[in-house]
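Residues per chain are reported as follows:
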Amino acid sequence: MKKGFLLLLVVLTISCSGDDFVKQDNVESKIVVEGWIEEGDFAQVFLSSSIPVTNVIDSANVLNHVIRSAKITISDGQTSEVLRVKNDKDRIPPFVYFGSTLKGEAGKEYSLKIEYLNRIVEAKTTIPKSVTLKSAAYVKKNPADTTGYVFVKFDDPVAEKNYYQVATKIDGKEAIFVPAFYGNLDDRNFQEASVSMQVNRGVLLFPRAKFTPYFADGDVIFVKLRTQNKDALDFWNSWQNEIVNSKNPIYPSNTSLKSNIKGGIGIWAGYGHSTLIVKTPSKK
């Protein structure tokens, strides 16, 4: 089975109880949100309650903390939509709230409202203009190697302030785009408008095989360049720091992730995007 992931649920672990939100050690469980809306696409949201640090964090325990019965409403200020929930066996956890009416548009603001039990969780985001990914190529250090990296090129608009995220998805192996390691970018750090960079594979939780930062011969790789807002950049940078500091994303060193969620924790992000497909050489 393909395995997706809920990044936040396993990273945002605090000493608390499960879905019923009963206090334990005077600390109350929080609603964890991972949601986004891309230009030209519909919203997707994953919901869970945070997991106690004393609990074993595995795919089975993740299922015990998934929230499946919330009411989630998104709005662009003129049109509103209540998201539906479906079972997606290709992901862990296998439940996603999804839209089918309100499609993302660059420049618009989108509000998120979650109603669950006696709680209301809210957030807002905007979708930045997309920036075109000019090229993406699979490169090996030596011709005899069976693994390599992806290199991408794009032009950063000089007159605009932009924040980026590079994400990848390997066809048949990953059900969702995984943020590349060190793939969150602030254009203030660019030396010139023409950007060329190496893309390292991001961490997939509960993988079937040992993680490596490389891509391999035989992979068909979808490479996505996202434009994002500062709050999303801050969140993903803090999430990455958790991995670097703890050296294990399932057991983070602390819970100091940035968040734009009012009444909960996590991220509600709007993304512009441009995607290319990279086909690597067939396995010998």
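Everything below is about the structure printed above this text.
Attention here is on the structure that accompanies the text.

Analysis parameters
Residues numbered from 1 in each chain as written. Predicted model: local features only at pLDDT ≥ 70, side-chain atom pairs only at ≥ 80, totals over all residues. Heavy atoms only, no water. Helix = DSSP H or I, 4+ residues; strand = E, 2+ residues; numbered from the N terminus. Buried < 20%, exposed > 50% of the residue type's maximum accessible area, 1.4 Å probe, protein only. Contact = heavy atoms within 4.5 Å. Core = buried A, V, L, I, M, F, W, Y, C linked by side-chain atoms within 4.5 Å. Salt bridge = Lys/Arg side-chain N within 4 Å of Asp/Glu carboxyl O. Phe/Tyr/Trp six-rings, centres within 6.5 Å; stacked < 30°, edge-to-face > 60°. Pairing = 2+ DSSP bridges. Axes fitted to C-alpha atoms, helices over the stretch in contact; angles between N-to-C directions.

**Thoughts on unusual backbone geometry**
Then step 1. Even without being glycine, leucine 117 reaches a positive phi, approximately 50 degrees.
Then step 2. Structurally, leucine 117 can be placed in the loop between strand S7 (109–116) and strand S8 (119–126).
Then step 3. When its relative accessible area of 61% is taken as the criterion, leucine 117 is described as exposed.
Then step 4. Although it is not a glycine, tyrosine 182 sits at a positive phi angle of roughly 60 degrees.
Then step 5. Along the chain, the position of tyrosine 182 falls in strand S12 (residues 178–186).

**As for the environment of threonine 73**
Then step 1. Structurally, the position occupied by threonine 73 is in strand S3 (residues 71–75).
Then step 2. Residues threonine 73 and arginine 84, spaced 11 residues apart in sequence, show a C-alpha to C-alpha distance of 9.6 Å.
Then step 3. For threonine 73, the contacting residues outside a window of four places in its chain are Ser80, Glu81, Val82, Ser111, Leu112 and Lys113.

**Describing the nonpolar core**
Then step 1. Of all hydrophobic cores here, the largest spans 22 residues; its most connected members are Val33, Val45, Leu47, Ile72 and Trp268.
Then step 2. Every element with two or more residues in this core is listed here: strand S1 (31–38), strand S2 (42–49), S3, strand S6 (95–103), S7 and S8.
Then step 3. Counting residues per element, this core draws most heavily on S7, at 4 residues.
Then step 4. One finds Tyr138, Tyr164, Leu185 and Phe215 within the second-largest nonpolar core, a separate group that totals 21 residues.

**Digging into the pattern of salt bridges**
Pairs can form between side chains of opposite charge once their charged atoms are near each other.
Then step 1. Under the definition given, this model contains 13 salt bridges.
Then step 2. For the salt bridge of aspartate 217 with lysine 140, the shortest nitrogen-to-oxygen distance reads 3.4 Å. Residue aspartate 217 is found in the loop between strand S14 (215–216) and strand S15 (220–228), and its partner lysine 140 is found in the loop between strand S9 (133–139) and strand S10 (147–155); the two are separated by 77 residues along the sequence.
Then step 3. Exposure remark for lysine 140: the relative accessible area of 22% places this residue in the partly exposed category.
Then step 4. Aspartate 187 serves as the salt-bridge partner of lysine 161, at 2.8 Å between the closest nitrogen and oxygen.

**Points about the packing of aromatic side chains**
Then step 1. Counted by the stated rule, this structure contains 8 aromatic pairs.
Then step 2. Taken together, the ring pairs in this structure connect Phe154, Tyr164 and Phe190 into an aromatic cluster.

**Concerning the sheet that holds S6**
Then step 1. Strand order in the open sheet made by the 8 strands is S5-S6-S2-S1-S16-S15-S11-S12, with mixed pairing throughout. Each edge of the open sheet carries a strand with a single partner, namely strand S5 (84–87) and S12. In this sheet, adjacent strand axes meet at a mean angle of 30 degrees when their direction is disregarded.
Then step 2. As paired elements, S1 and strand S16 (residues 265–279) share 7 bridges and run parallel to each other. Residue tryptophan 36 lies in a different strand from S16, and its bridge partner there is alanine 269.

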